[in-house]
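# Structure at a glance
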Amino acid sequence: MKKIIISTIAVSALLFTTSCEHDFDTDVKDVVVSKGEADFKTYVALGNSLTSGYRDGALYADGQNESYPSMIAQQMKLVGGGDFKQPMMPDNNGGLLLNVGGSTNLQIANTKLYIDSFINGSPDLKNANNNVATTLTNTVLTGPFNNMGVPGAKVAHLLAPGYGNVTGVIAKTANPYFVRFASTPTTSVIADFKKQSPTFFSLWIGNNDALLYALAGADPSVETLTPPAMFAQYYNALIAEIATTNAKGVVANIPSVTSIPSLTTIPTNPLTAAVLGNGNVAAGEANIDNLNASLYGPLNQILTAFGAGDRIKPLSKTAANPLLIKDETLPDLKVQITAAAAASGNAQLVALATYLGNTYGQARQAKAGDLVPLTTKAEIGKAEPTALAALSAKGVAYPFADKYILIPSEIADINTAIDAYNVTIKAAAASKGYAFVDANKKMNELGSKSGVYWDGVKYTASFVTGGAFSLDGVHLTGRGYAIIANEFIKSINATYKSTLPQVNANNYSGIKFP
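So, here is what we can say about the structure in this document. (Residues numbered from 1 in each chain as written. Predicted model: local features only at pLDDT ≥ 70, side-chain atom pairs only at ≥ 80, totals over all residues. Heavy atoms only, no water.)

## Here we look at the side chain of glutamine 362
Worth spelling out the cut-off: Only DSSP runs of H or I with at least four residues qualify as helices, and only runs of E with at least two residues qualify as strands; both kinds are numbered from the N terminus onward. We call two N or O atoms a polar contact when they sit within 3.5 Å, provided that within protein one can donate a hydrogen and the other can accept it, with sequence-adjacent residues counted only if both atoms are side-chain atoms.
In this structure, glutamine 362 sits in the loop between α14 (347-360) and β10 (363-365). A distance of 2.8 Å separates the side chain of glutamine 362 from the backbone oxygen of leucine 330, its partner in a polar contact.

The following block contains the structure:
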């Protein structure tokens, strides 16, 4: 019921693709490498999890070693670039512990995801080390560090004093990853950046100002979407601080939320008879009959009487059925449903009249245009504690709450905000003469059917089989980060007349199969 079906053919295509005529730029070995007008002696990277090398739902050593800033720094070394120091995690499991007093350690971040096996063609994802973290947040590393990517950071966070103060982690006024490498508990990310007197920088920040909200189903009680005017205020303040160093640099804009597999993988209609029967089609068909008789059929009749019969239709035994969701943009028909059920003459409906009205007044079946986050997959069919036991299966008999689904109006609001963010970012880069990377365009290329090719290997945004995105569906694999590193390198070369060679994406790691 909660598996993602990956065909053997698709996996084979990923593993054995060897050639194509549409490669993008590869290394040009005959070009003399030069720094042009840039000085790469002290390169410092600012950003969030995408900058840190975070992938597979965690920050871990191998991912950090394949962060895109680390790849860029290796190319910079060819023309006088210095060492590139990162706040390394001590193992390849990831996850974080927080000491909350004495010998008590609270786990505050999960270990990385990996594919344990394939069950009926579906990847069975588990957390490394049985999801037991061993890295203690309270252990502060000795810096300074060239990679200042802070997982979870929004633009405003880079400016915030005390963002690395361990006492603020539980209250979420501080970030556990920055706690590990902040120079003092009272410093800010930008202050530690400036202390290094960088000669060159990269900045890729702002994703979380929209993405965290999107991943929370645009539920404002869980996460907030940064208003564009506020984003511009913080981003321009950040650029002003960076400019005081006189360093040259490169900035990147923000991808659309619709281009990442975390929001495009799970279909809106995953409820087949096999799924509803946990693999047993006959049992699933029996469940469908029961649901149609007790819930879907009566609701369809009631809603049809009020001109809203398209909200909920009976389930099919032969086709895949959509998830049941709550859409707060719909007129609330709880009064009408309650009254119709109470007057139906059906004893069961009469007894449930008030419950049906309160629960399904804004319910509908998911449809094209909705987006289902990967994290919602694990919730399909789980019992909702506040529901009647017989009608408690979330997404099946009980409507998924706002935080589990993105509806078209929410998607439009998010992408409108991102468009505004990107106007701010591009204008800020132009005002200072910094190189600019259109990461949104590149991510959209990955999200297209044609994808992106490197030396004959195709990369797309398809979950697991696409090769570019890691198992969390948000962050990239080593190969995906290499594709982004090359976008930064191309922009640096074009702006500063340098000739840094691009990296070979195929030399880095992708999804590991069991």
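## Let's talk about the pattern of salt bridges
Stated precisely, the cut-off is as follows: A carboxyl oxygen of Asp or Glu within 4 Å of a side-chain nitrogen of Lys or Arg is what we treat as a salt bridge. For the exposure calls, accessible area comes from a 1.4 Å probe over protein chains only, and a residue counts as buried if that area is under 20% of its type's maximum, exposed if over 50%, partly exposed in between.
With the rule as written, the count across this model stands at 15 salt bridges. For aspartate 83, the salt bridge goes to lysine 77, with nearest N and O atoms at 3.4 Å. The exposure class assigned to lysine 77 is partly exposed, which follows from its relative accessible area of 38%. Through salt bridges with shared partners, one network takes in Lys442, Glu445, Glu487 and Lys490.

## Looking at α14
In plain terms, the rule: The span one expects for a helix is its residue count, reduced by one, times 1.5 Å. One fitted axis covers the seven residues ending at a residue, a second covers the seven starting there, and the bend at that residue is the angle between these axes. Should any heavy atoms of two residues lie within 4.5 Å, those residues are counted as being in contact.
Its 14 residues place the ends of α14 19 Å apart at the C-alpha level, agreeing with the 20 Å of an ideal helix rising 1.5 Å per residue. Alanine 353 marks where α14 bends most, by close to 60°. Residues of α14 that are buried include every one of Leu349, Leu352, Ala353, Tyr355, Leu356, Gly357, Thr359 and Tyr360, and no others. In this fold, the buried residues of α14 make contact with α12 (281-305), β9 (324-326), α13 (334-342) and β10. Measuring from the backbone nitrogen of glutamine 348 back to the side-chain oxygen at the start of α14 gives 2.9 Å, which picks out asparagine 346 as the cap.

## As for helix α16 (residues 408-432)
The first and last C-alpha atoms of α16 sit 36 Å apart over 25 residues, in line with the 36 Å expected at 1.5 Å per residue. For α16, the complete set of buried residues consists of Glu410, Ile411, Ile414, Asn415, Ala417, Ile418, Tyr421, Asn422, Thr424, Ile425, Ala428 and Ala429. On its buried face, α16 is in contact with α8 (207-215), α9 (228-243), β8 (248-252), β11 (435-437) and α17 (439-447). Count one or two residues on from α16 and you reach glycine 433, which has phi positive near 75°.

## Details of the packing of α12 against α14
This is how it is decided: Here, axes are lines fitted to C-alpha atoms. For helices the fit covers the stretch in contact, and angles between N-to-C directions go from 0 to 180 degrees. Orientation is classified from the angle alone, with under 35 degrees giving roughly parallel, over 145 giving roughly antiparallel, 65 to 115 giving roughly perpendicular, and any other angle giving oblique. Three categories are distinguished: nonpolar for Ala, Val, Leu, Ile, Met, Phe, Trp, Tyr, Cys and Pro, charged for Asp, Glu, Lys and Arg, and polar for the others, with Gly belonging to the last.
Axis separation between α12 and α14 bottoms out at 12 Å; the angle between their running directions is 70°. On the basis of the axis angle, α12 is roughly perpendicular to α14. Contact with α12, carried on its side by Ser294, Leu295, Pro298 and Leu299, involves Gln348, Leu349, Leu356 and Tyr360 of α14 and no other residues of that element. Considered class by class, the residues forming the contact of α12 with α14 number 6 nonpolar, 2 polar and no charged.

## Some details on the environment of asparagine 269
Structurally, the position occupied by asparagine 269 is in the loop between α10 (261-264) and α11 (273-276). Expressed as a C-alpha distance, the spacing of asparagine 269 and glycine 510, which sit 241 residues apart in the sequence, is 29 Å. With residues up to four places along the chain from it excluded, the contact list for asparagine 269 reads Ala320, Asn321 and Pro322.

## A short note on the environment of glutamine 362
Look at glutamine 362 and you get buried, because its relative accessible area is 13%. Spatially, the C-alpha atoms of glutamine 362 and isoleucine 414 are 22 Å apart, while their sequence positions differ by 52 residues.

## Overview of the sheet that holds β11
The condition is simple: Strands qualify as paired when DSSP identifies two bridges or more between them.
A sheet is described by the order of its strands in space; here 5 strands give the open sequence β6-β1-β7-β8-β11, paired in parallel fashion. The outermost strands of the open sheet, each flanked by one partner alone, are β6 (147-149) and β11. Going from strand to strand, the sheet's axes swing by 15° on average, the running direction of each strand aside. Where β8 meets β11, 3 bridges bridge the pair, whose relative direction is parallel.

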